[in-house]
Amino acid sequence: MPTYTIPYTALAAEASLEKKELMRAVETVLDSGRYVLGPEVKAFEQEFADHCQTEFAIGVASGTCALHLVLRSLGLNEGEEVITAPNSFIASASTIALAGAKPVFVDICKDGNLDPAKLEDAINDRTRGIVPVHLTGRPARMADILEIAGRHDLFVLEDAAQSLGASLDGKRVGSWGNAACFSLHPLKNLHAFGDGGMVTSRNPDLIAHLSKSRNHGLADREQCDFWGFNCRLDEMQAAMLRVQLRRLDDWTATRRTLALRYNDLLRPFVDVPDEGPGEHCVFQTYVIKAERRDELRIFLNENGVEALVHYATPIHLQPAAAELGYTAADFPETMDHVGKILSLPLYPMLTHSQQDRVAELISSFYQNN
Amino acid sequence: MRVKYSYLDEQFADVEAYFQDLRDLVSTGEFTLGPFVEAFEKKFAAYIGVKHAIGTNTGTGALILCLKAVGVKPGSEVITVANTFIASAGAIVAAGARPVFVDCDERYQIDVTKIEAAITSNTSAIMPVHWAGCSPKMGRVIEIADRHGIPVVEDSCPAVGARINGRSAGTFGRVNAFSMHPLKPLNVWGDGGIVVTNDDQAADFLRLYHNHGLVDRDHVEIWGVNERLQPVQAIVASRVLDTIEDLVEARIRNARRLDAGLKGLESYINPPYRPEGYREVFQLYLATATRRDELLSFLVSKGIEAKVHYPIPIHLQNAARDLNYKRGDFPMCELQADEIITLPAHQHITEEQIDYTVSIIREFYELSAT
């Protein structure tokens, strides 16, 4: 494996900055002897809900579990459909299949998120819900999506796995839909040191249901109200997450400053992720759209910059989705994205000189080729 | 004197070595699968004596994965017991199948004489539980299952270290599950589980399935789940595994002392029959007691944290109402639910604490006997 002078992530360096506080957080849990659903999870849930400007949050084992548990709570029947975007991480669709329904895809807009104008065509009498994805830290067009969903009486579950802290017209993701799911995977802006996820909602009944379904359906130690799962957020991860959450807004601000700086540096050469009207993006990934993307990627990698593609194969063309019967021609905007997108290194510790180096390389690639 | 049920503060009183490992982990940034998880999986497989071990996020997750791996299909039936933690049945439902219960025997294990009657053309697996860290008659279970061509999944969640004539729990069925919940013999600082198997095909499937079906970063072969063991927990598990034999031996010693102490009280309280060749790990030290609820209150009032695992059998839970069982269907299991008690007998209990427990039990019955 090549070593990169500008790697895609700096997780170890970031964690070193707060290692002492993190270890103290772990120690707090050890001293309490409470390893499962204790005070740290409870406190983190409230802090997380506050951060999302909503009422309730509930900690689960991963972003995937978050989606799965909420979809399960809908009691989906075989043959029923849930709509989502085809250019997301696989879990946005696999959880629909796992919950017993059929994933139905709708193409995206130029900004990479679900296109509300194409939603209506995909809705039929088997449709139960919509899972709009706030991809790469950019909010999906929630007002339009909610309006359509309301008209058809559909459940809206925000897949906010990549977008904690993003907002649209001043309203944060996680506070728009009937519920929202977040991932705390290590590559997320707020991350566990392992897996973790959250669900937010204003609906106390849903939250009460999830608090049981994540813990075997147990109402208390002895009584099991319904068949559930074991999908709990780890107490220890919650303790460490609370350390990070205190710093999140500062880190997000830095990330945004760097992303907007990238935009200015790279605008002459590639399509940059400008913010749309009313959007406040958190740039969990910084994604450009570039001509001759594969060559550019190799060129960057060979010159020490680790650039990645999220994601090279859209979900509807994965072998797992074969039986859904989609073809490459179904979603032209998605296919245009898939051929051009490139994720560049972006994290709070990225320096201006590192950014300048990335920009120089991209400039020289297009000028010399 | 206080006799605590949980011992985690004592077990993890000295955490410096763990913390050193955690600092190393933080320095690598390997927070998803990676070398720490792989190293633990190899070490655990070697300890149990199987080809493959795959870490999972929980014991429940491990069970669901096992059922998927042996081909349990939605709508089919899986045979298990009703005197277990809810997750044994919950995992069957999560896999889309229907739990079919059989009664237990006087050792609190699946009654092997009742399995055959529960088998139908729709049975897709038999899932015996090594309940409380004690093994059922696995040879007999396998013999019945083989005769009917049905795969066996061992729910060995509570039973790391349990053996029958030297052979580990988790090596009898086709694909088998362990839990590393904090109150299990091999425990972590939160949730964790492991699937073990000698079946290469099942292992290949599970490695894909437990990580979103991802062949590599870009290719998804099958719809999967996220059921990964956390590296943080793999580090803890790996250190605990280094001490597991001492830890289990200490539990066995304490259980033997408690057994001996209860001799002479047979008309009131009885640990189960313990046949030759079965190494129990005493994840729970169970006994059946007359006037159980009163005894429980008395023990607790004297500082002894006894518990009941569990007062409501699964077939009588609200969750099971659709399965249409009723009281009376599993008499042994139901009788035990009313009489069973769990006494503290873990590795950090002292001889004095055991003797104190025995003296309080004697006090309770002798006072009441007159």
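Keep in mind the model is a prediction, meaning the values are calculated, not measured. (Residues numbered from 1 in each chain as written. Chains lettered and ligands numbered in written order. Predicted model: local features only at pLDDT ≥ 70, side-chain atom pairs only at ≥ 80, totals over all residues.)

1. So, the overall build of chain A
Here comes step 1: In terms of helices and strands, chain A carries twelve helices and twelve strands.
Here comes step 2: Here chain A has a C-alpha radius of gyration of 21 Å; the compact-globule value for 369 residues is 21 Å, and the two agree.
Here comes step 3: A buried classification covers 51% of the 369 residues belonging to chain A.
Here comes step 4: At a minimum sequence separation of 6, the contacts of chain A that also span at least 24 residues come to 69%. (Helix = DSSP H or I, 4+ residues; strand = E, 2+ residues; numbered from the N terminus. Rg over C-alpha atoms; globule rule 2.2 N^0.38 Å. Buried ≥ 20, exposed ≤ 12 C-beta atoms within 10 Å, placed from the backbone. Contact = placed C-beta atoms within 7 Å.)

2. Comments concerning the overall build of chain B
Here comes step 1: For chain B, the count of helices and strands is 13 helices and twelve strands.
Here comes step 2: For a compact globule of 370 residues, the expected C-alpha radius of gyration is about 21 Å, and chain B comes in at 21 Å, within 12% of that figure.
Here comes step 3: Dimensions along the principal axes, computed over C-alpha positions, put chain B at roughly 75 × 55 × 35 Å.
Here comes step 4: Burial analysis of chain B (370 residues in total) assigns 52% to the buried set.
Here comes step 5: Considering only intrachain contacts with a sequence separation of at least 6, the fraction spanning at least 24 residues in chain B is 70%.

3. Describing the interface of chain B and chain A
Here comes step 1: Each partner contributes to the interface: chain B provides 48 residues, whereas chain A provides 50 residues.
Here comes step 2: Contributions of two or more residues to the side of chain B that touches chain A are made by helix 1 (8-11), helix 2 (16-28), helix 4 (59-69), helix 5 (86-94) and helix 9 (231-242) of chain B.
Here comes step 3: Of the residues contributing to the side of chain B that touches chain A, the split by class is 23 nonpolar, 19 polar and six charged. (Nonpolar A, V, L, I, M, F, W, Y, C, P; charged D, E, K, R; others polar.)

4. A word on unusual backbone geometry
The general pattern is negative phi for most residues beyond glycine and trans for most peptide bonds.
Here comes step 1: At the junction of A:H310 and A:Y311, the peptide bond is cis and its omega measures out at 0° in the coordinates.
Here comes step 2: Take A:Y311: it is sitting in the loop between helix 10 (293-302) and helix 11 (332-340).
Here comes step 3: A cis amide bond links B:H309 with the next residue in sequence, B:Y310, at an omega value of -5°.
Here comes step 4: Note that B:Y310 resides in the loop between helix 11 (292-301) and helix 12 (331-339).
Here comes step 5: Positive phi is not limited to glycine here, since B:N165 has a value of about 45°.
Here comes step 6: Checked against the element boundaries, B:N165 lands in the loop between strand 5 (163-164) and strand 6 (167-168).

5. Here's the deal with the pairing of strand 1 (residues 52-56) of chain B
Residues and elements named next belong to chain B.
Here comes step 1: Counting buried positions along strand 1 yields four of five residues, so the element is predominantly enclosed.
Here comes step 2: Relative to strand 8 (residues 193-197), strand 1 is paired through five bridges, and the arrangement is antiparallel. Directly across from T56, in strand 8, lies its bridge partner G193. (Pairing = 2+ DSSP bridges.)

6. A closer look at the sheet that holds strand 6 (residues 167-168) of chain A
Residue and element names in this part refer to chain A.
Here comes step 1: Ordered by their spatial adjacency, three strands build an open sheet running 7-6-10, and the pairing between neighbours is antiparallel. Strand pairing shows two members of the sheet lacking a second neighbour, strand 7 (171-172) and strand 10 (279-280), which therefore form its edges.
Here comes step 2: Strand direction decides the pairing type here: strand 6 and strand 10, joined by two bridges, are antiparallel. Within strand 10, the residue paired with S167 across the bridge is H280.

7. Side note on the sheet that holds strand 11 (residues 285-289) of chain B
All names here are of chain B.
Here comes step 1: Pairing is antiparallel in the open sheet, where three strands are placed in the order 9-11-12. A strand with exactly one partner marks an edge of an open sheet, and here the two such strands are strand 9 (269-270) and strand 12 (340-343).
Here comes step 2: Across four bridges, strand 11 lies against strand 12 in antiparallel orientation. Within the sheet, the bridge partner assigned to A287 lies in strand 12 and is I341.

8. A short note on the environment of B:K114
Residue and element names in this part refer to chain B.
Here comes step 1: In this fold, K114 is placed in the loop between strand 3 (98-102) and helix 6 (115-118).
Here comes step 2: According to the C-beta neighbour criterion, K114 is partly exposed, with 17 such atoms within 10 Å.
Here comes step 3: Along the primary structure K114 and Q233 are separated by 119 residues, whereas in three dimensions their C-alpha atoms are 39 Å apart.
Here comes step 4: Those residues in contact with K114 that sit more than four places away from it in its chain are V102 and D103.

9. Notes on the domain arrangement of chain B
All names here are of chain B.
Here comes step 1: Its domain assignment divides chain B into domain 1 (8-242) and domain 2 (244-369).
Here comes step 2: Between the C-alpha centres of domain 1 and domain 2 the distance comes to 25 Å.
Here comes step 3: Taken together, the contact pairs 34 residues of domain 1 with 26 residues of domain 2.
Here comes step 4: Of all elements in the fold, only helix 1, helix 5, strand 3, strand 5 and helix 9 reach the threshold of two or more residues within the side of domain 1 that touches domain 2.
Here comes step 5: Looking at which element gives the most residues to the side of domain 1 that touches domain 2, the answer is strand 3, with three residues.
Here comes step 6: Its residues placed into classes, the side of domain 1 that touches domain 2 shows 18 nonpolar, seven polar and nine charged. (Domains from an automatic or database assignment.)

10. Looking at the confidence of the model for chain B
Here comes step 1: Summary statistics for chain B give a mean pLDDT of 95 and a share of 99% for residues scoring 70 or more.
Here comes step 2: Of the two predicted TM-score estimates for the complex, the pTM is 0.90 and the ipTM is 0.82. (pLDDT = per-residue confidence, 0-100.)

11. Brief notes about helix 4 of chain B
All names here are of chain B.
Here comes step 1: Along helix 4, eleven of the eleven residues are buried, which leaves the element largely enclosed by surrounding structure.
Here comes step 2: Turning to helix 4, its buried residues number three or more, namely G59, T60, G61, A62, L63, I64, L65, C66, L67, K68 and A69.
Here comes step 3: G71 sits one or two residues past helix 4 and shows a positive phi near 90°.

12. What about the domain arrangement of chain A?
All names here are of chain A.
Here comes step 1: Here chain A is described as being made up of domain 1 (11-242) and domain 2 (247-368).
Here comes step 2: Taking only C-alpha atoms, the centre of domain 1 and the centre of domain 2 are 24 Å apart.
Here comes step 3: On the side of domain 2, 28 residues touch domain 1, which itself brings 31 residues to the contact.
Here comes step 4: Put simply, the parts of the chain that give the side of domain 1 that touches domain 2 at least two residues each are helix 1 (11-17), strand 3 (102-105) and strand 6.
Here comes step 5: For the side of domain 1 that touches domain 2, the per-class residue count stands at 14 nonpolar, ten polar and seven charged.

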